[in-house]
Amino acid sequence: MRKAEIPIQRIIKNNFQMAGAVFRADAGYAGFTLLVRMLSGIGSTFLYVYLLGAVIYCVENGKEPGTILIFLLCSTAFLAVVFALQAYYRHVFAPVRRERIVSGLQQELFDRLQAADMANYDSAMLYTKVTLANEEVAVRPLEITDNLFRGLEGLTAVCAIFAGILPANWFVMGICVVSFAAGIFLSGIRSGQEVQYDEQMKRKDKKLSLLRRLLYLPEYGKDNRLSHVHKVFLDDYRNTVMEKEQIAAEGGRRIGNLSFFQKIFCSAFCIDFLIPLYLSMAVLLWGKLPISAFVVAVNAGDQIQRRLDVFLEVIAAFLKNGRLAERIRDLDNIQCDIEAVGSVCPVSGMRKQGAECAACPEVVRSVSGMRKQGAECVTRPGFVRSVPRMRILELHNVSFVYPDGTPGLSGIDLTIRKGSKVAVVGRNGSGKTTLIKLLLRFYDADSGSILQNGTDIRNFAVSSYRAQFGIAFQDFNIYAASVRDNVCMGEAPEEGRLIQALERAGLHDGSKGTFVNPDAQLTRELEEGGILLSGGQLQRLALARVFYRDSDIVIMDEPTAAMDVFFEKEFYRTVFEQLKDRTVIFVSHRLSSVTACDTIVYMEHGKILEEGTHEELMGLQGGYYRLFRAQFE
Amino acid sequence: MNGILKSMRTMFRTALAIDRRSLLICLAYNLIKQLMNVFYGVYFLRMILAGLETGRSLGHILAVLGVMFGINVLYGRFSQYYNHEYLPVFRLKADCFMNEKIMEKANSIPYDTANSPRELDRYSRVMENSSKRMIQLYQSFGLICGLLEAFAMILYYIVRTDVFAVFFSAFPLLYSYFLGEKSAELAYELNKKLSSAARKKEYAGRVYYLQRYGAEMRTSKIGRIVRGIYREGSAQTADAYRRDGKKIAGMDFLELLLGDAMSMVLPLAYVVVRMLCGARYLLGDFIGITQAITIFSSDVEWMLDEALEIKSASLYINDYTDYLSREVYSAGASEGNQPEHGKCQFRNPGGNQSEHGKRQSGEPEAGQPEDLKRSLPGKFCITFDHVKYHYPGSPEGISALDDVSVDIRNGEKIAIVGRNGAGKTTFVSLLVNLISCSGGKITLNGREMDTYGREELKSFFGVVCQDYKIYPVSVRDNVSIGGKASAADIRDALEKVGLAGRIPDINAVIGKEIDDRGLVLSGGEQQRLALARVIANPFPVVVLDEPTSALDAITERNMNRLILDALKDTGRTLLFISHKLSTTKLVDRILVFEDGRLVEDGNHRALMEKGGLYAEMYLEQNSLCKGVDT
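Attention now moves to the overall build of chain B. Tallying secondary structure elements over chain B gives 18 helices and 10 strands in all. A buried classification covers 55% of the 630 residues belonging to chain B. Summing over all exposed atoms, chain B offers an accessible surface of approximately 27400 Å²; the carbon and sulfur share of this is 54%.

Shown next, in the form of structure tokens:
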């Protein structure tokens with residue numbers, strides 16, 4: 001929730017920068033939109049203000065009916081052209097172009113998100129920023145542009161009106177200006193109220209949408225059917241709705257009063273009373289106004305009033321858009337120290353000076369169109385371009401604390417040699433997963449270093465470094481794509497290698513007759529006909545990913561948590577057999593399966609307490625021994 | 001036409017149920033509004049101009065203006081009330097009212113059916129659209145009434161001034177009707193294409209920003225595939241617009257031309273032609289007639305638009321009514337095949353029969369035989385009698401559960417074991433009546449489980465599943481889960497699971513979604529909280545489906561012991577599913593499943609002696625244990 005108010009200069013800046021981004025993305029769209037809008041403004045002014053008056057004028061001055069009819073015909077032709085343009089724009093031109101623009105902006109955001117450090121997910125605040133920015137990018141820039149153009153259209157129309165009636169009607173113009181000014185003033189007061197009202201409602205909405213999710217999402221379906229918790233949610237839901245109703249009633253009344261007063265003064269009094277009164281006096285008392293001019297002036301006043309209303313909306317939208325656009329700009333400051341090296345400049349390894357990750361000249365445009373002033377790119381000293389094949393991984397006195405203060409690791413010393421099978425075990429919260437995260441460079445250690453073949457891993461491009469690892473995590477994801485894509489994970493698929501991986505993982509077995517079609521779509525997310533694999537099959541798929549990748553180092557984090565003892569045994573047998581000559585790091589607390597490893601590392605509270613083979617550690621009768629025994633009691 | 005009447009009836013009933021005055025207020029608003037419009041548009045200007053032309057005094061003009069101003073003020077006040085105070089609140093009430101009904105209905109649908117993609121689709125469509133469309137119908141109704149009033153007033157004026165103009169005004173009727181329907185059809189088609197494309201884009205967006213995908217996005221190139229999905233969605237969208245857009249543009253052009261332009265130009269032309277033929281008009285009447293025709297035309301167009309809106313809205317409202325009133329069967333039970341013993345149907349809990357009336361969850365259901373209302377028995381026996389279950393969509397001949405017969409009595413401590421896919425979870429789901437059997441019977445004390453009320457069963461079974469959830473509400477609510485556990489019971493339960501120190505205040509909220517100061521519990525702590533649920537509440541039967549799989553061995557052992565201890569002397573029944581065979585030695589009875597059948601039933605010693613599947617699994621597990629004396 002934004003506590004600080006955004007200054008008006010910033011709001012203006014946001015609006016114009018976003019509009020600029022849209023303009024740069026597709027100047028043709030901007031130009032044509034402007035044209036259509038202005039023509040519309042002129043067209044509607046003609047239709048609603050001048051047409052009637054012109055005809056009356058002709059009648060007053062005794063013009064031939066034939067002339068009048070021809071005039072009407074030409075008017076219709078003109079309007080037809082304007083409408084045709086409008087229709088084409090609205091239904092063909094604009095939607096297609098807009099889709100393209102939004103697609104471009106969204107993909108820029110994707111680039112930005114991909115280049116964000118994992119640490120961003122840990123902080124709830126930063127994570128919220130990302131979600132909000134994601135919501136905005138598809139919508140805000142175009143809203144801003146449209147809003148500005150709507151304002152221009154209104155301006156054109158009003159100018160067209162004034163140009164016509166100005167010479168004869170100073171008073172009318174004057175009243176219009178007064179009405180306009182009063183409208184803006186009252187609107188300003190009202191918008192303050194509206195913002196407050198909005199925020200209160202939003203807070204309730206947030207809670208309501210949470211409760212609605214609890215009440216209806218299928219993932220809570222079981223809970224809602226098996227326990228009375230449904231009642232808890234429902235009561236809370238009802239109470240929150242009542243609170244919201246109260247806000248709506250009170251806030252609504254206040255805003256309604258202001259709106260009423262504004263309407264009465266600006267519309268009912270100025271436009272519908274004063275102007276006709278003055279004009280009537282002009283006709284009756286001063287005899288200087290023909291009736292045609294009277295009609296035009298009255299209609300003009302009415303149209304200006306409508307335009308005023310629209311204009312006020314445009315201003316309100318301008319302010320709102322400027323505020324919301326800030327969310328997109330928030331992303332400029334997102335932390336990307338680790339990912340930036342390797343994602344942004346994979347070739348040069350260049351990094352921002354001062355470790356800031358706003359716009360780098362190599363990246364074409366950030367979503368908000370921002371550029372860092374005086375951006376300097378420097379090559380990091382010690383950068384190594386190609387990552388040598390792993391012979392040895394060493395952790396020297398590595399310590400790490402999570403950004404939110406949770407302790408992670410403390411003084412870790414560990415050596416992993418090529419080809420060895422290492423198991424990292426310990427109770428929940430002992431630091432096993434943190435160790436893996438640091439090995440994969442999702443975070444950098446606070447102190448100490450991790451070396452590969454003697455080189456600090458921070459000197460490698462992070463994507464090249466990570467390419468050496470094959471991963472099998474407990475909470476792996478299945479994507480709404482084909483089996484092939486789910487196994488190859490974005491690499492260029494090689495059919496032979498794919499089939500082999502599927503076979504090695506046990507998904508494809510000629511003798512048993514179990515086949516999986518590589519083209520089959522997984523999950524029903526995007527396709528009704530997608531297939532759903534069983535738990536066991538999914539686990540094999542995760543294994544197939546590892547086999548396909550064929551990396552030097554494999555990391556497995558709790559791969560068999562949900563399996564029965566037979567399956568688990570077979571799983572590890574497969575792994576040990578197929579990955580005979582690779583380096584494998586297991587993280588598990590299912591100890592029965594890792595007894596065959598070369599080295600077992602027992603951790604507690606972020607420290608390595610015991611290290612050795614299974615027999616050695618059992619002999620110690622320490623933490624490992626106790627953990628192991630607990631499984632069989 | 002029938003559909004529209006049906007939906008109108010639903011709308012009336014719903015609106016009245018929400019607020020008795022609602023229809024009256026809507027009518028009043030619209031009648032006054034249209035009165036204002038017609039008066040202002042047709043009479044006002046005409047009266048002034050007539051006055052000017054015929055040289056009336058300024059005072060006369062002033063009077064007219066004054067009256068107009070007065071009407072403006074009155075209408076403005078009412079409009080303000082209606083639009084800023086009444087309608088927003090009414091909308092909220094309608095939303096809550098209708099959503100509650102939908103959600104309650106959804107929760108009464110058997111679990112297996114509810115999770116099918118088609119059912120989920122239907123549910124989300126009804127949730128998204130019902131209250132919106134109801135309000136739309138409500139407003140359209142008022143609008144149509146108002147427009148009819150406007151027609152009457154305008155026609156009166158036109159007929160009095162120039163009868164022939166009436167025929168002229170009927171012009172829009174022709175084009176609006178045909179164009180309007182065609183447009184709506186085209187828009188609907190386009191919408192369908194767009195929404196499937198939008199789903200792709202939305203999915204891609206989620207993968208990029210949700211935390212759960214973060215690790216894989218950075219350690220593989222799956223981003224490419226996801227990007228591809230986004231681009232597909234985008235290309236599909238542009239394509240759809242390109243193709244369908246032209247036709248829609250054509251329709252729109254015609255509508256604009258005939259609607260906006262013609263409705264202003266033609267009346268003028270008409271009047272001019274009449275003057276050509278010698279008719280004499282007061283300028284005031286000239287303007288009056290043209291304005292009247294214009295307003296009449298646009299009102300007719302408006303009316304026809306509203307009619308189309310009503311037509312489409314009524315489709316959704318009828319969806320809503322149908323959704324609420326249908327009987328739903330357990331997917332496993334009815335697939336077009338007759339269940340074997342013809343008995344298994346999930347009947348709606350009685351409470352859903354009435355649509356109106358006060359709704360309070362937990363109220364005893366109406367319409368059930370009285371003897372079910374008494375509290376459930378202390379001594380009981382649950383009997384499975386040749387029970388079979390077949391998942392919808394799974395191949396013929398393969399049942400998740402096949403011919404299972406077993407008795408479960410109060411006080412027993414039972415372990416359920418078997419390999420993955422053996423049917424353990426299906427068995428337990430049937431036991432707690434989450435789903436209904438495809439064949440055979442499940443009875444509780446002789447009466448079929450299906451005939452007991454949902455609310456009573458909720459108090460009977462306490463379940464903790466593998467995918468248990470911790471809710472973003474207070475600790476107290478998380479543990480009591482809507483039951484009658486007192487604060488003391490809850491604190492006691494927290495003590496037993498070892499969370500008392502960690503959670504000093506049971507009113508603290510868990511999770512940071514609603515409150516930044518919410519409590520964040522680790523995985524192990526969450527698991528213990530879930531177990532506290534079945535300790536704090538006096539469920540006669542406690543069912544645990546592998547809730548400890550994410551815990552390390554020591555914690556798991558402690559948790560299992562804890563539960564067994566807590567329930568030991570209470571006479572409560574405990575069933576738990578587990579892969580780990582270490583706990584099975586502590587229970588009275590072990591049920592062994594394989595390929596959907598119950599193959600062994602006995603205690604540890606008996607099954608070891610038998611030397612069957614259980615013994616094999618147990619020895620297998622032990623062989624992995626090296627160097628531990630058991």
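This part takes up the confidence of the model for chain A. Residue and element names in this part refer to chain A. Of the residues in chain A, 90% reach a pLDDT of 70 or more, and the chain-wide mean stands at 83. The secondary structure element of chain A with the lowest average pLDDT is strand 1 (residues 350-352), at 42, and the one with the highest is strand 3 (residues 392-401), at 95. Segment residues 341-377 is flagged for pLDDT under 50; beyond a separation of four residues in sequence, or across chains, it makes 74 contacts in the model.

For the rest of this paragraph, the subject is the interface of chain B and chain A. Between chain B and chain A, the contact holds 154 residues from the first and 147 residues from the second. Where chain B abuts chain A, roughly 14000 Å² becomes buried across the two surfaces, and 65% of that area is made up of carbon and sulfur atoms. On the chain B side of the interface with chain A, the three residues burying the most area are Tyr-209, Arg-218 and Lys-458 of chain B, jointly 6% of the side's total. Inspection of the region where chain B meets chain A yields 10 salt bridges. Between Glu-100 of chain B and Arg-238 of chain A there is a salt bridge; the shortest N-O distance is 2.6 Å.

Once that is clear, we can look at the sheet that holds strand 3 of chain A. Residue and element names in this part refer to chain A. The strand order 4-3-6-7 describes an open sheet built from four strands, whose pairing is antiparallel. Sheet topology places strand 4 (407-417) and strand 7 (455-456) at the edges, where each strand pairs with a single neighbour. Examined bridge by bridge, strand 3 and strand 4 share seven bridges and lie antiparallel to one another. Counted as the bridge partner of Phe-400 is Leu-409 from strand 4. Sheet contacts for helix 12 (residues 432-439): strand 3, strand 4 and strand 6 (447-452); angle to strand 4, the most-contacted strand, approximately 65°.

So, about empty space enclosed by the protein. Counted according to the given criterion, the structure contains 16 cavities of 30 Å³ or more. Estimates place the volume of the largest cavity at around 210 Å³. Around the largest cavity sit 18 residues that line it, and Asp-223 of chain A together with Val-463, Val-464, Tyr-471 and Arg-533 of chain B are the ones nearest its centre. Of all the elements in the fold, those that place two or more residues in the lining of the largest cavity are helix 8 (221-226) of chain A together with strand 6 (461-464) and helix 15 (523-536) of chain B. Residue contributions to the lining of the largest cavity peak at four residues, all from strand 6 of chain B. For the lining of the largest cavity, the residue count by class is 10 nonpolar, two polar and six charged. The volume enclosed by the second largest cavity comes to roughly 170 Å³. What lines the second largest cavity is a set of 17 residues, among which Thr-548, Asn-560, Phe-576, Ile-577 and Ser-578 of chain B lie closest to the centre. Mapped by element, the contributors of at least two residues to the lining of the second largest cavity are helix 16 (553-568) and strand 8 (573-577) of chain B. Looking at side-chain class alone, the lining of the second largest cavity contains seven nonpolar, six polar and four charged residues.

Next up on the list: the packing of helix 9 (residues 222-276) of chain B against helix 10 (residues 283-325) of chain B. Residue and element names in this part refer to chain B. The N-to-C vectors of helix 9 and helix 10 enclose an angle of 150°; their axes lie 10 Å apart at closest approach. Between helix 9 and helix 10, the crossing angle belongs to the class labelled roughly antiparallel. Relative to helix 10, helix 9 is oriented so that their crossing is right-handed. Side by side, helix 9 and helix 10 meet where Glu-255, Gly-259, Ser-263, Met-264, Pro-267, Leu-268, Tyr-270, Val-271 and Met-275 of the first sit next to Phe-286, Ile-289, Thr-290, Ile-293, Thr-294, Ser-297 and Glu-301 of the second. In terms of residue class, the contact of helix 9 with helix 10 is built from nine nonpolar, five polar and two charged.

Residues and elements named next belong to chain B. Within the element layout of this structure, Asp-244 appears in helix 9. Overall, Asp-244 belongs to the buried group, its relative accessible area being 9%. In contact with Asp-244, other than residues within four places in its own chain, are Leu-190 and Lys-193.

This part takes up the nonpolar core. Counting residues in each nonpolar core, the largest one holds 184 residues, and the members touching the most others are Leu-279 and Phe-294 of chain A together with Met-11, Tyr-138, Val-475, Leu-494 and Leu-529 of chain B. Non-local contacts of Tyr-138 of chain B, meaning those with residues more than four positions away in its chain, are made with Met-11, Ala-15, Ser-22, Leu-23, Cys-26, Tyr-82, Tyr-86, Leu-87 and Phe-90 of chain B. With 79 residues, the next largest nonpolar core counts Tyr-127, Met-489 and Val-601 of chain A together with Tyr-230 of chain B among its residues.

The subject of this paragraph is the pattern of salt bridges. All names here are of chain A. In this structure the tally under the stated criterion is 48 salt bridges over all chains. In this structure, the salt-bridge partner of Glu-153 is Arg-37, at a minimum N-O distance of 2.8 Å. Here Arg-37 lies in helix 2 (residues 27-60) and Glu-153 lies in helix 6 (residues 140-165), a separation of 116 residues in the sequence. Each of Arg-37, Glu-153 and Arg-307 takes part in a single network of salt bridges with overlapping partners.

Cut-offs applied
- Residues numbered from 1 in each chain as written.
- Chains lettered and ligands numbered in written order.
- Predicted model: local features only at pLDDT ≥ 70, side-chain atom pairs only at ≥ 80, totals over all residues.
- Heavy atoms only, no water.
- Helix = DSSP H or I, 4+ residues; strand = E, 2+ residues; numbered from the N terminus.
- Buried < 20%, exposed > 50% of the residue type's maximum accessible area, 1.4 Å probe, protein only.
- Areas by Shrake-Rupley, 256 points an atom, 1.4 Å probe, with all protein chains shown as cover.
- pLDDT = per-residue confidence, 0-100.
- Contact = heavy atoms within 4.5 Å.
- Buried area = accessible area lost by both parts, 1.4 Å probe.
- Salt bridge = Lys/Arg side-chain N within 4 Å of Asp/Glu carboxyl O.
- Pairing = 2+ DSSP bridges.
- Axes fitted to C-alpha atoms, helices over the stretch in contact; angles between N-to-C directions.
- 1 Å grid on protein atoms, 1.4 Å probe; cavity = no way out; pocket = protein on both sides within 12 Å on 5 of 7 lines; lining within 4 Å.
- Points joined across faces, edges and corners; volume = space filled by probe spheres on them.
- Nonpolar A, V, L, I, M, F, W, Y, C, P; charged D, E, K, R; others polar.
- Parallel < 35°, antiparallel > 145°, perpendicular 65-115°, else oblique.
- Left-handed = near helix turned anticlockwise from the far one by under 90°.
- Core = buried A, V, L, I, M, F, W, Y, C linked by side-chain atoms within 4.5 Å.

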